[in-house]
Amino acid sequence: MKKIKNLIFIFETFLTKYDFERYGFNFYKSQGLEIKILNISPITRINYFNGEREKSHYVKDFQKNCFSLEDLKTEITKYKNTFTASIIHVDNLEYYYETNKILKRNNILTIYHSFGGQPLDKKNFIEIFSLLFFDFLGAIKKIKEISKLMKLKLIKKEEPDIFFYVGSKFKPSKKIKSVSLPSFEYDKINLLSSKKSKNIISDEFALYIDVPYRHTDQYEISKRFPKEIPCSYDEYYGNLNKFFKNFEKISKLKVCISSHPRANYKKNPYETYKLYENKTFELSTDSKCKVILLHSSLAINYPVLLHKPVIFLTQSKFTYSNKKKIINLSRFFEKKPIEMDQDNFDEVIYKNQLKINTNIYNSYKNKFISEKNFKNTSYEIIYNTLINSNDN
């Protein structure tokens, strides 16, 4: 048996402590694998790279930044014919294909890991027409981009050797080797927690899953269709804080906030509400947590697995794409998002929002979290698959 000795991860982001746990780096090391982490964001997302490179909350010591395809080739060539596998996390399709091609030329096993997704509703005719009317030039640009992507898919056809997916919704239809995985949230709740977490907060509370201001808008907004203008910092946090005050009066619950892993707050923007860093799992599983407030985070997997009620939040100043994600997600659960700046949240709406449809929760779990019950973590399954795939 020729065992995989090295595992290369290729990202187009910096990594946080949360990412190190989610991707199971320590587990792979414990199995004797050498881990190499390459960051190609200087190639694919230069504005992101320049804007984030000096921030202190990332774990950068283990990442090698590649500033060109030549840099990437140089790093990958070091592992040519050395029983190496690579997991690719690159959204830019053109560079995904280029990366895949470089790896295969060096006889490296290529892996695509789709670690989670959410419902996405197709636009109807009326919505498409209104978007064309609103941003005609943007529509022309978008059509050209789509045509380019379709051409890439037809010409390149660089498929991974193994496709790992989470949830039945993302099982590939193509005839390639595919392996089902549980989501990281499933790992945490069912497989990684050997003992029950202690309650962090003494009183019953509602948990808000934080999304930092312009988290998804800051570097990619110029590529959006239709053209978008983000709300101001004060509008973003002002409406949240105002809503939280009203929510506490109506629900009689304290609002606690789980800080996003990439937040890097220097000052708490939530006024009197306490921020808990890297505690989403602990707070979600806390028996005192009675409801979870969110926008469209993958952290919704926690309340779904725990069968806790969720309330979706939006506001009129959110961008089109952000609103669309929230609406798509809430529609799956047959709920209407709360417009935080409309001052229409009352006790009747609150009680209605607390209702849970078990069939919908089970359906969401199957499609987006885990299509079956698992006995091993996602990275244990990946490791075992790699060992078996290289059995000669």
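Structure shown above.
A. Here's a closer look at the sheet that holds strand β2 (residues 34-39). Read from one edge to the other, the open sheet built from 7 strands follows the order β3-β2-β1-β4-β5-β6-β7, with strand pairing classed as parallel. Of all strands in the sheet, those with a lone pairing partner are β3 (63-65) and β7 (177-181), marking the two edges. Across this sheet, the average inter-strand angle for adjacent strands is 25 degrees, counted without regard to direction. Across 4 bridges, strand β4 (residues 84-89) lies against strand β5 (residues 109-114) in parallel orientation. Opposite Ser-86, over in β5, you have Thr-110 as the bridge partner. Relative to the sheet, helix α5 (residues 69-77) contacts β1 (6-11), β2 and β3, its axis offset from that of β2 by approximately 175 degrees.

B. Broad picture of the pattern of salt bridges. Applying the stated criterion across every chain yields a total of 12 salt bridges. Between Asp-19 and Arg-262 there is a salt bridge, with the nearest N and O atoms lying 2.8 Å from each other. Pair noted here: Asp-19 is in helix α1 (residues 17-22) and Arg-262 is in the loop between β9 (254-259) and β10 (275-277), with a separation of 243 residues, a long-range link. Residue classification places Asp-19 among the buried positions, given a relative accessible area of 1%. Glu-271 serves as the salt-bridge partner of Lys-245, at 3.7 Å between the closest nitrogen and oxygen. Separated by 26 residues along the polypeptide, Lys-245 in helix α10 (residues 233-251) and Glu-271 in the loop between β9 and β10 bring together distant segments of the chain. Bridged by salt links that share partners, the residues Asp-19, Arg-22 and Arg-262 form one connected network.

C. Inspection of the sheet that holds strand β8 (residues 205-209) at higher detail. Spatially, 6 strands are ordered β10-β9-β8-β11-β12-β13 in an open sheet, and the strand pairing comes out parallel. Unpaired on one side and paired on the other, β10 and β13 (338-339) mark the two borders of the sheet. Pairing of β9 with β10, which is carried by 3 bridges, proceeds in the parallel orientation. What sits directly across from Ser-258, in β10, is Tyr-276. The sheet contacts of α10 involve β8, β9, β11 (289-294), β12 (310-314) and β13, and relative to β9 the element is tilted by about 145 degrees.

Criteria and thresholds
Residue indices follow the written sequence of each chain, beginning from 1 at its first position. The predicted origin of the model limits local features to residues at a pLDDT of at least 70 and limits the giving and counting of side-chain atom pairs to 80 or more, whereas totals for whole chains, interfaces and linings rest on all residues. The side-chain values count all of the structure's non-hydrogen atoms but skip hydrogen atoms and water molecules. If DSSP finds at least two bridges between two strands, the strands pair. Numbering of helices and strands runs from the N terminus; a helix is a DSSP stretch of H or I covering at least four residues, while a strand is a stretch of E covering at least two. To obtain an axis, a line is fitted to C-alpha atoms, over the contacting stretch when the element is a helix, and the angle between two such axes runs from 0 to 180 degrees between their N-to-C directions. For this analysis, residues touch if any pair of their heavy atoms sits within 4.5 Å. Within this document, salt bridges are pairs made up of a side-chain nitrogen of Lys or Arg and a carboxyl oxygen of Asp or Glu, the two lying within 4 Å of each other. Only protein chains enter the accessibility calculation, which uses a 1.4 Å probe; a residue whose area is less than 20% of its type maximum is buried, one above 50% is exposed, and one in between is partly exposed.

Taken by themselves, the reported measurements are silent on function.
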